[in-house]
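# Close look at the chain arrangement
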Amino acid sequence: ILGLYRNQQLFHNKTIVITAQQTVLKVGPDAQSPDLGELPAGSIVYFNRMIQGWWQVKTSFGDEGWIMATQG
């Protein structure tokens, strides 16, 4: 629980709860970018910034990548 609290402090509570069944985490903000993995519904990610309809996020496991804003 302490790690989750620390992550929330670092990202100033900019959390996103994934509601789509399968949200693809990409290397870059582009549909052609390689996949890093999938985020199941209910996953919590921490928002960093947005570029042209893509959110740069960090997972609770420390993975960083991009998701489509309309997909999360």
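First, a word on scope: everything that follows refers to the structure included in this document. (Residues numbered from 1 in each chain as written. Predicted model: local features only at pLDDT ≥ 70, side-chain atom pairs only at ≥ 80, totals over all residues. Heavy atoms only, no water.)

### A closer look at the overall build of the protein
Definition in use: Going along the chain from the N terminus, every DSSP run of H or I of four or more residues is numbered as a helix, and every run of E of two or more is numbered as a strand. Contacts: residue pairs with any heavy atoms within 4.5 Å of one another.
Within the protein, the regular secondary structure consists of one helix and six strands. Helices and strands appear in the protein in the N-to-C order α-β-β-β-β-β-β. Residue pairs in contact within the protein that sit at least 24 positions apart in sequence constitute 45% of those at least 6 positions apart.

### A few points about the pairing of strand β4 (residues 44-51)
Definition in use: Only strands that DSSP links by at least two bridges are regarded as paired with each other.
One ladder, built from three bridges, connects strand β1 (residues 15-17) with β4; its direction is antiparallel. Paired with V17 across the strands is I44, a residue of β4. Where β4 meets strand β5 (residues 54-59), six bridges bridge the pair, whose relative direction is antiparallel. In the strand pairing of β5, M50 is matched with W55. Here β4 hands over to β5 after two residues, with Q52 in that stretch at a positive phi of 40 degrees.

### Here's the deal with the environment of Q56
Heads up, the condition is: Working definition: with a 1.4 Å probe on protein chains only, accessible area under 20% of the residue-type maximum means buried, over 50% means exposed, and in between means partly exposed. In protein, a polar contact means a hydrogen-donor-capable atom and an acceptor-capable atom, both N or O and within 3.5 Å, with residues adjacent in sequence counting only if both atoms are side-chain atoms; elsewhere, any N or O pair within 3.5 Å suffices.
Tracing the backbone shows Q56 in strand β5. By relative accessible area, which is 13% here, Q56 ends up buried. In this structure the C-alpha to C-alpha distance between Q56 and A69, which are 13 residues apart in sequence, comes to 9.4 Å. Non-local contacts of Q56, meaning those with residues more than four positions away in its chain, are made with Y46, F47, N48, R49, G65 and W66. Looking at Q56, its side chain comes within polar contact range of the side chain of N48, at 2.6 Å.

### Quick notes on the environment of D35
Along the polypeptide, D35 turns up in strand β3 (residues 35-40). C-alpha of D35 to C-alpha of I67: the two residues are 32 residues apart in sequence and 10.0 Å apart in space. Residues within four places of D35 in sequence aside, it is in contact with V24, L25 and K26. Within the local environment of D35, its side chain forms a polar contact with the side chain of K26, the two groups lying 2.6 Å apart.

### Quick word on the nonpolar core
Applicable threshold: Throughout, nonpolar core names a set of buried Ala, Val, Leu, Ile, Met, Phe, Trp, Tyr and Cys residues whose side chains join them through atoms within 4.5 Å.
Counting residues in hydrophobic clusters, the biggest one holds eight residues: I16, I18, L25, L39, V45, W55, V57 and I67. Among all residues touching L39, those that are not within four sequence positions of it are I18, Q21, Q22, T23, L25, V45, T59 and I67.

### Regarding the packing of aromatic side chains
Any pair of aromatic rings gets described here by the distance separating the centres and the angle formed by the planes. The cut-off we apply is this: Note on aromatic contacts: the rings of Phe and Tyr and the six-membered ring of Trp form a pair at centre separations within 6.5 Å, being stacked when their planes are under 30 degrees apart, edge-to-face when over 60 apart, and tilted otherwise.
A full pass over the atoms with the stated rule returns one aromatic pair. Seen in terms of ring centroids, F47 and W55 are 6.3 Å apart; in terms of plane orientation they differ by 85 degrees. Their pairing is edge-to-face.

Honestly, it's all geometry; don't read function into it.
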